[in-house]
Each structure stands twice: as structure tokens, then as C-alpha cells.
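Commentary on secondary and tertiary structure
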Amino acid sequence: MRRILFESLVKRPLTEAAPRPDEAALAELAANVDRAARRRLGRSLSIREVDAGSCNGCELEIHALNNAFYDLERFGLRFVASPRHADVLMVTGPVTKNMREALQRTYDATPDPKWVVAVGDCAADGGIFAGSYAVVGGVSAVVPVDLHIRGCPPSPTQLLKGLLALLV
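Residues numbered from 1 in each chain as written. Predicted model: local features only at pLDDT ≥ 70, side-chain atom pairs only at ≥ 80, totals over all residues. Heavy atoms only, no water.

1. Remarks on the pairing of strand 3 (residues 88-92)
Both faces of the sheet carry side chains from a regular strand, because those side chains alternate between them. To keep things clear, this is the line we draw: Here the term buried applies to any residue with accessible area under 20% of the maximum for its type, exposed to any over 50%, and partly exposed to those in between, with areas from a 1.4 Å probe on protein chains only. Starting at the N terminus, helices and strands are each numbered in turn, a helix being any DSSP run of H or I of at least four residues and a strand any DSSP run of E of at least two. Two strands qualify as a pair provided that DSSP identifies no fewer than 2 bridges between them.
Most of strand 3 sits out of view: five of its five residues are buried. Residues Val88, Met90 and Thr92 point to one face of strand 3 and Leu89 and Val91 to the other, with burial holding for every one of them. Pairing of strand 1 (residues 45-51) with strand 3, which is carried by five bridges, proceeds in the parallel orientation. Across the sheet, the residue bridging to Glu49 is Met90, located in strand 3. With five bridges joining them, strand 3 and strand 5 (residues 115-119) adopt parallel strand pairing. Residue pairing across strands places Thr92 opposite Val119, the latter belonging to strand 5.

Okay, here's the thing in C-alpha cells:
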């Protein structure tokens, strides 16, 4: 046991290097999102994330948008704690029967103009949970959806591109 502990202290960790960011593409994406948000809303875009019954894979990718690598706020996008302050509802997972009413109330509490973004394959059509006794279906079975971002889970870059498509 002592030998294994000593070896783990001496050897370097076996991790992969982070991918190199394409600074030019990210800068262009930031400018486009900021310009579109200000044109459509006159201000930055506020997002409320709602988990309607997902496996948390999409949430991990959404939370990555706030880290220092992607830095969502430089694009003029930010997450808010209340649907009353949101412009966009970003919904993940298939809508479970227990979350149907909560999602509907959140949608009703969001002021107009508002957009709903269904994130991931499960939010689009129920994904692998479709047909389950506990699932109502995709997000569009409960509230109108303006944009579907496919993937299981979609990458943070795909999420940013989807939000840009929503604004343009």
C-alpha cells in the first residue's frame, strides 16, 4: 500500500490537455450574440435553466458555460435565479409527470417576450425515456418550444451556437 501511495505522489496524473480555444471564433460568436440580444431585447439575455427530469448530463454542459473557459457573461448572457427575470427558459430532460405543473408555472411566470429552448435529445422527444409511465414526453408536450438543441448532451459550444440562432 505504501508503494502505491508513493508512486501516486511521484508520477504525473494521466489526464488529457484541455482543447485549444479558437479565440477568433469565440470572439466573433461573442460579438454576434451581444449584437443580436441588444437588437431584439435592448439588453443582455437572461436565462433560467429548468431541469424537468433529466439525468444531469445536459446540466453539466450548461454549467460549463459559466466556467472561466467559456465565460458566458462575456457574450452578454447570464443565468438568473427567477423566471420573472428571464428572457429564455432553457429546459433539460424529458418532462416527468411530477414536473409538468412546475414547468407550466415557470413558463407562465416568465414575462413576454420569452423563448423556450429544449436542450438535449430527451427534451426534444423524451429520448431514451420516451414511453415510460413516469414521463409526459418532450418539453413541447407541455409548453411551446422555440428552439431544440440536439445532443446527448450537447457541448457548450453547441449551446452557444443554438442561443445565437435563437437571437438572429
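2. Some remarks on the pattern of salt bridges
Here is the rule we go by: The salt bridge definition used is simple: a Lys or Arg side-chain nitrogen within 4 Å of an Asp or Glu carboxyl oxygen.
As enumerated under the stated definition, the model contains four salt bridges in all. We note a salt bridge from Arg150 to Asp121, for which the minimum N-O separation is 3.6 Å. Taken together, the residues span a long stretch of sequence, with Arg150 in the loop between strand 7 (147-149) and helix 6 (156-167) and Asp121 in helix 5 (residues 121-125) at a distance of 29 residues. The structure contains a network of salt bridges with shared partners spanning Asp121, Asp125 and Arg150.

3. Let's talk about helix 3 (residues 57-64)
Stated formally: Contacts are assigned to residue pairs that have any heavy atoms within 4.5 Å of one another.
Considered for burial, the residues of helix 3 that qualify are Gly57, Cys58, Glu59, Ile62 and Ala64. Where helix 3 is buried, its residues touch strand 1, strand 2 (77-79), strand 3, strand 5 and helix 6.

4. So, helix 6
The condition is simple: What a helix should span is 1.5 Å times the count of its residues minus one.
For helix 6, which comprises twelve residues, the first-to-last C-alpha distance of 17 Å matches the rise-based estimate of 16 Å (1.5 Å per residue) to within 8%. Every buried residue belonging to helix 6 is among Pro156, Leu159, Leu160, Gly162, Leu163, Leu164, Leu166 and Leu167, and all of these are buried.

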